[in-house]
Amino acid sequence: MTPPEYSPSAEQNKQPILDKLLQLLPAHGAALEIASGTGQHAAWFASHLPGWTWQPTEAQLTALSSIRAHVAQAGLHNVREPLLLDVCADQWLPTRPGTTEPTRFDLIFCANMLHISPKETGAALMRGSARHLAPGGVLVTYGPYFENAVATAKSNLAFDESLRARNPAWGVRLREDLEHVAETFGLHLAERHPMPANNLLLVWSATPVNHPTTSLYL
Ligand SMILES: C[S@@+](CC[C@H](N)C(=O)[O-])C[C@H]1O[C@@H](n2cnc3c(N)ncnc32)[C@H](O)[C@@H]1O
């Protein structure tokens, strides 16, 4: 088997993210991970959330072998075979067997993708999540964001510059822009959690029908 790849940042942030997921999530559920990268998050979270099934996905075919390797190394039985998934695709996953209904998940998790991809992936993530979230389910995004009313950390400004130098279509996203896009797909920002190294963990859920959009910032 191909050896697993390692991301130092995923190694650093996997425990702080898991701590939040353990507070947020019920004991059982089904998770869809977008942009699983090396597979470190999938293996770590699935091993500490034994009541959950975890579906890793990646846009890059070459990443799937590393995800498999991390899962095999951890000896996990609650992680499904990783799938190729580009959030910009019209259809993310096959429909539920024998139906035209989308497969639904209690958690959709996406870390560190929005700034390392064109801005359109934000809308694509919200559109697909609105389609695939089970009733009461949440989308959790993690990464650096700019915010209108919060002084920007120097490290995030420098990171943004370095991203744009690598690819002009990349860059740290404005949280309020993402909120606006989310609302067009019937999702709203329900929780905002500051995380180490000037990152945020954002919890998005379906906007209740007949209720004005409200955001709860913790
Ligand atoms: C910085 S890595 C983050 C990986 C992992 N989530 C983590 O936090 O370590 C960004 C990932 O986003 C994925 N990605 C970029 N564009 C994507 C798209 N359109 N759909 C799905 N994944 C995408 C890349 O393939 C890459 O693995």
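Residues numbered from 1 in each chain as written. Predicted model: local features only at pLDDT ≥ 70, side-chain atom pairs only at ≥ 80, totals over all residues. Heavy atoms only, no water.

Visitor: Please set out the pairing of strand 9 (residues 199–206) residue by residue, giving values where relevant.
Guide: Counting buried residues in strand 9 gives seven out of eight residues, a clear majority hidden from the surface. Two elements, strand 8 (residues 187–195) and strand 9, share eight bridges in a ladder whose sense is antiparallel. When the sheet's bridge partners are listed, R192 is paired in strand 9 with L202. Hairpin connection between strand 8 and strand 9: a loop of three residues separates the two successive antiparallel strands, and A197 in this loop has a positive phi of roughly 60°. (Buried < 20%, exposed > 50% of the residue type's maximum accessible area, 1.4 Å probe, protein only. Helix = DSSP H or I, 4+ residues; strand = E, 2+ residues; numbered from the N terminus. Pairing = 2+ DSSP bridges.)

Visitor: I'd like a description of the site of the ligand, backed by residues and values.
Guide: Taken together, 17 residues lie around the ligand, and A35, E58, Q60, D86 and A111 are the ones closest in. The backbone of A111 places a nitrogen or oxygen atom 2.8 Å from a nitrogen atom of the ligand. Surface burial for the ligand is 83%, taken as the share of its 600 Å² of free accessible area covered by protein chains. Its residues assigned to classes, the shell around the ligand shows eight nonpolar, seven polar and two charged. Structurally, the shell around the ligand is a two-domain feature, drawing no fewer than three residues from each of domain 1 (8–13 + 36–85) and domain 2 (106–218). (Near = heavy atom within 4 Å. Polar contact = N/O pair within 3.5 Å; in protein donor to acceptor, adjacent residues only side chain to side chain. Areas by Shrake-Rupley, 256 points an atom, 1.4 Å probe, with all protein chains shown as cover. Nonpolar A, V, L, I, M, F, W, Y, C, P; charged D, E, K, R; others polar. Domains from an automatic or database assignment.)

Visitor: Now, about the nonpolar core: what can you tell me, with residues and values included?
Guide: By size, the foremost hydrophobic cluster in this structure holds 26 residues, and its most contacted members are I17, F45, W54, L107, F109 and V140. Taken together, the elements giving at least two residues each to this core come down to helix 1 (8–24), helix 2 (40–48), strand 2 (52–58), helix 3 (63–74), strand 4 (105–111), strand 5 (133–143) and strand 9. For this core, the leading source of residues is helix 2, giving four residues. Counting only domains with at least three residues in this core, you end up with domain 1 (8–13 + 36–85) and domain 2 (106–218). (Core = buried A, V, L, I, M, F, W, Y, C linked by side-chain atoms within 4.5 Å.)

Visitor: Give me the domain arrangement of the protein chain: which residues, what numbers.
Guide: Domain boundaries assigned for the protein chain yield domain 1 (8–13 + 36–85) and domain 2 (106–218). Using C-alpha coordinates to define each centre, domain 1 is positioned 21 Å away from domain 2. Across the boundary between the two partners, domain 1 contributes five residues, which contact six residues of domain 2. Carbon and sulfur atoms make up 78% of the surface buried where domain 1 meets domain 2, a total of about 420 Å² over both sides. Of all residues in domain 1, N13, W52 and W54 bury the most surface against domain 2, accounting for 70% of the area lost on that side. Taken together, domain 1 and domain 2 are joined by zero residue pairs in polar contact (both at pLDDT 80 or more). When contributions to the side of domain 1 that touches domain 2 are tallied by element, the ones reaching two or more residues are helix 2 and strand 2. Residues of the side of domain 1 that touches domain 2, tallied by class, amount to three nonpolar, two polar and no charged. (Contact = heavy atoms within 4.5 Å. Buried area = accessible area lost by both parts, 1.4 Å probe.)

Visitor: Could you give me a rundown of unusual backbone geometry, with the residues and numbers involved?
Guide: Across the chain, the bulk of peptide bonds are trans and the bulk of non-glycine residues have phi less than zero. The backbone of N112 shows a phi angle near 60°, a positive value even though the residue is not glycine. Looking at the element boundaries, N112 is found in the loop between strand 4 and helix 4 (120–132). On the basis of relative accessible area, N112 is assigned to the partly exposed category, the value being 25%. A positive phi angle, close to 60°, is found at N198, a residue other than glycine. Note that N198 resides in the loop between strand 8 and strand 9.

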